[in-house]
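Below, each chain spelled out in residue letters.
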Amino acid sequence: MTRYIFIIGGVLSGVGKGTATASIGRILKSYGYKTTAIKIDPYINVDAGTMNPTEHGEVFVTEDGDETDQDIGIYERFLDENIYSDNYMTTGRVYQAVINRERRLEYKGKCVEAIPHISEEVIRRIKRVSQKTKADFILVEIGGTVGEYQNVLYLEAARMMHLENPKNVLFILVSYLPIPEKLGEMKTKPTQQASRLLNEVGIQPDFILCRAKTPLDQIRKRKISVFCNVKEEDVISAPDVDSIYEIPLNFEKEGLGKKILKKFNLRIKKKNLKDWGRLVKTIKTVKKEVKIGIVGKYFMTGEFTLTDSYLSVIEAIKHASWFFERKPIISWIESEKYEKDPKSLKELKNFNGLIVPGGFGSRGTEGKIRAISYARRNKIPFLGLCFGLQLAVVEFARNVANLKGAHSTEINPKTKYPVVDLMPEQLKKIQKAHYGGSMRLGAYPCLIKEKTLAYRAYFNNKKVKEPIVFERHRHRYEVNNQFKEILEKKGLVFSGINPESNLIEIIELKNHPFFLATQFHPEFKSRPLSPHPLFKEFIKIAIKR
Ligand code: GLN
């Protein structure tokens, strides 16, 4: 039997609902319960793929090729499990399903309405996850904040699920307690109001997670308890932390996991947060540094910051660095600077390693190409991700294989040497303006060539029968196989190939400590307790520098 825990935000957005959800998930899993999480995004976009990361943060790609919210990535990292497309819902997606059903006459002539039909579709989707995963617990994070017009139908769905089976459903309000500078005192009123707003839609929170700069004192816990109709022990303190990975341990200190189980009349089957504890200890104590530069095209951002746009890359660097007991120092380098002032490329020597991450569009590409060239010639460890691979191929084609003016047709459609190009089916999609969800998405197999850097990273040089890995993609352009032979002759190693389509997945160079790039995004599969092999190898070599 599945139990459902709804996580709802109050007062402010961006206070870490996703991390709270993921942390509760980790705790319940560590108690021996199969746990998964669902993210509901209240916007109309069918998926996150059509949104600018500066507005929305990273587009996280699932194994089955959905373009989702970065919270799904946080769930995967904390739960150490794949989360699939079914666990992601947007208003656009829900309405689309209902409208399609209406067009097929499946409502049998009824008037189709927001309530109950939309809420019912939401419930159907939540229950589908239960059927498919057989999870003991499903955490459902409702995006946005209570009181917003946008998420009211989701709250309605949650209320209906509780009405249907009150013993199976629990509500957690994640609130924020400000400490106004002039007052110097933590204020509970916004939390009281958020709780009231929830009451208005028929929901009584079982727990209130109190996010704040500092821990909550007993006086405030009591106040919230009385005003919000929640037991004092169920008012949970959730102060700011240096690393989000501390949060499950903090919740444990507050006994949150046990209190949740008690409400469902369940007991701890086993307890295993030890490995997580060890990780947190490393995070808090590492001193020796590893300096990584990320060369990209950056921008002034709105609500979301740069780190949000590249969340998985940053986390993957951290996981691998902690594995080697290093503290990662990450610098953002604006590539355009190397176009205006090539002399400044010298500063790249100060890094242990460089990454050129995924990207779209032309601004800053020549600067990135120069940085890649510098890393290649000066033997600085280099890892290219997706666009980073495409530009590494362009750099090699131009500067080593002498194909002057070689480029990706994404940037220069008229190039004489289109070393990176669109596949015919992608071209058709673009011509029809069919942009949403139409890139090459999700996991594809990649056959790793023996005696390469990639093989060493993935298989530790052990002989394996089928050296195939599955990695996640999100791109339209591909290395043009017409140039494979020329580039190979000049020394570019194609160490990973899709065995079905023959598309190029990994490139690398010999006679370089670490020069490797991937068409896929390895960062999506890195987990704190099991860093991605390619990031691990990259950091290992970078440390030696
Ligand atoms: N713009 C490139 C493409 O569409 C790379 C995309 C990416 O880096 N994710 O193929």
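This text follows the structure it describes.
Residues numbered from 1 in each chain as written. Predicted model: local features only at pLDDT ≥ 70, side-chain atom pairs only at ≥ 80, totals over all residues. Heavy atoms only, no water.

Core analysis: the largest hydrophobic core is formed by 49 residues, its most contacted members being Ile5, Ile24, Leu28, Leu209, Phe251 and Ile260. With sequence-adjacent residues up to four places away left out, Leu209 is seen in contact with Ala20, Ile24, Ile172, Leu173, Val174, Ser175, Ile236, Phe251 and Leu256. (Core = buried A, V, L, I, M, F, W, Y, C linked by side-chain atoms within 4.5 Å. Buried < 20%, exposed > 50% of the residue type's maximum accessible area, 1.4 Å probe, protein only. Contact = heavy atoms within 4.5 Å.)

Following the sequence through the fold, Arg26 ends up in helix 1 (residues 17-30). Buried within the structure, Arg26 lacks any salt-bridge partner; Asp275 is the closest side chain of opposite charge, at an N-O distance of 4.0 Å. Discounting chain neighbours no more than four positions away, the residues touching Arg26 are Phe78, Leu79, Asp80, Pro248, Leu273, Asp275, Trp276 and Leu529. (Helix = DSSP H or I, 4+ residues; strand = E, 2+ residues; numbered from the N terminus. Lys, Arg positive; Asp, Glu negative; His and termini not counted. Salt bridge = Lys/Arg side-chain N within 4 Å of Asp/Glu carboxyl O.)

Looking now at the sheet that holds strand 7 (residues 169-177). Strand order in this open sheet of seven strands is 5-2-6-1-7-8-9, and the pairing throughout is parallel. The open sheet is flanked by strand 5 (88-90) and strand 9 (235-239), the only strands paired with a single partner. Adjacent strand axes in the sheet meet at a mean angle of 20° when their direction is disregarded. Of the strand pairs in this sheet, strand 1 (residues 3-9) and strand 6 (residues 137-145) are connected by seven bridges, and their pairing is parallel. Bridge assignment links Tyr4 to a residue of strand 6, and that residue is Ile138. Running over the sheet, helix 1 touches strand 1, strand 2 (35-41), strand 6, strand 7 and strand 8 (207-212) and is turned about 170° from strand 6. (Pairing = 2+ DSSP bridges. Axes fitted to C-alpha atoms, helices over the stretch in contact; angles between N-to-C directions.)

Next up on the list: the pattern of salt bridges. Applying the stated criterion across every chain, the model contains 41 salt bridges. Of the charged contacts in the structure, one is a salt bridge between Lys132 and Asp86, with a shortest N-O distance of 2.8 Å. One end of the pair, Lys132, is in helix 5 (residues 114-133); the other, Asp86, is in the loop between helix 3 (70-79) and strand 5, and 46 residues separate them in sequence. Under the relative-accessibility criterion, Lys132 is labelled exposed at 56%. Salt-bridge contacts for Lys463 lead to Glu450; the nearest nitrogen and oxygen are separated by 2.9 Å. Of this pair, Lys463 sits in the loop between helix 18 (453-459) and strand 17 (468-475) while Glu450 sits in the loop between strand 16 (440-448) and helix 18, and the two are 13 residues apart along the sequence.

Let's shift gears to the packing of aromatic side chains. What describes a pair of aromatic rings is the distance from one ring centre to the other and the angle between the planes of the rings. Applying the stated criterion to the full structure yields 15 aromatic pairs. Note on Phe323 and Phe324: the rings are 5.0 Å apart at their centroids and 80° apart in plane angle, and the pair reads as edge-to-face. Of the residues examined, Phe323 reaches a relative accessible area of 46% and is grouped as partly exposed. According to the relative accessible area criterion, Phe324 is partly exposed, its value standing at 25%. Measuring from centroid to centroid gives 5.5 Å for Phe514 and Phe538, while their planes differ by 55°, and the two rings are tilted. Taken together, the residues Phe514 in the loop between strand 20 (504-509) and strand 21 (515-518) and Phe538 in helix 20 (residues 533-544) connect sequence positions 24 residues apart. (Phe/Tyr/Trp six-rings, centres within 6.5 Å; stacked < 30°, edge-to-face > 60°.)

This next bit is on the pairing of strand 7. In terms of burial, strand 7 is a largely internal element, eight of the nine residues being buried. Where strand 1 meets strand 7, six bridges bridge the pair, whose relative direction is parallel. When the bridges of strand 7 are listed, Gly9 appears paired with Val174. As defined by bridge partners, strand 7 adjoins strand 8 across six bridges and the pair is classed as parallel. From the neighbouring strand, Leu177 faces strand 8, where its bridge partner is Ala212.

At a minimum axis distance of 10 Å, the contact between helix 1 and helix 10 (residues 256-263) shows a crossing angle of 70°. As far as their axial angle goes, helix 10 and helix 1 are roughly perpendicular. Side by side, helix 1 and helix 10 meet where Ile24, Ile27 and Leu28 of the first sit next to Leu256, Gly257, Ile260 and Leu261 of the second. Residues of the contact of helix 1 with helix 10, tallied by class, amount to six nonpolar, one polar and no charged. (Parallel < 35°, antiparallel > 145°, perpendicular 65-115°, else oblique. Nonpolar A, V, L, I, M, F, W, Y, C, P; charged D, E, K, R; others polar.)

A few words now on the layout of surface pockets. Estimated volume of the second largest pocket: approximately 760 Å³. Lining of the second largest pocket is provided by 35 residues; of these, Pro53, Gly358, Gly359, Phe360 and Arg474 occupy positions nearest its centre. Elements represented by at least two residues in the lining of the second largest pocket include exactly helix 16 (387-399) and strand 17. When its residues are assigned to classes, the lining of the second largest pocket shows 15 nonpolar, 12 polar and eight charged. (1 Å grid on protein atoms, 1.4 Å probe; cavity = no way out; pocket = protein on both sides within 12 Å on 5 of 7 lines; lining within 4 Å. Points joined across faces, edges and corners; volume = space filled by probe spheres on them.)

As a packed pair, helix 15 (residues 365-377) and helix 16 sit with axes 9 Å apart at the nearest point and diverge in direction by 70°. One finds that helix 15 runs roughly perpendicular with respect to helix 16. Side by side, helix 15 and helix 16 meet where Thr365, Glu366, Lys368, Ile369, Ile372, Ser373 and Arg376 of the first sit next to Phe387, Gly388, Leu391, Ala392, Val394, Glu395, Arg398 and Asn399 of the second. Here the residues of the contact of helix 15 with helix 16 are counted per class, giving six nonpolar, four polar and five charged.

Geometrically, the link from Ile115 to Pro116 is a cis peptide bond, its omega value of 10° lying close to zero. Relative to the helices and strands, Pro116 resides in helix 5. Its identity as a non-glycine residue notwithstanding, Asp80 has a phi of 55°, on the positive side. Inspection of the secondary structure assignment puts Asp80 in the loop between helix 3 and strand 5. The exposure class assigned to Asp80 is partly exposed, which follows from its relative accessible area of 29%. Notably, Ala433 is not glycine yet its phi reads approximately 55°, a positive angle. With respect to the helices, strands and loops of the structure, Ala433 is situated in the loop between helix 17 (424-431) and strand 16. Ala433 gets classed as exposed once you look at its relative accessible area, which sits at 52%.

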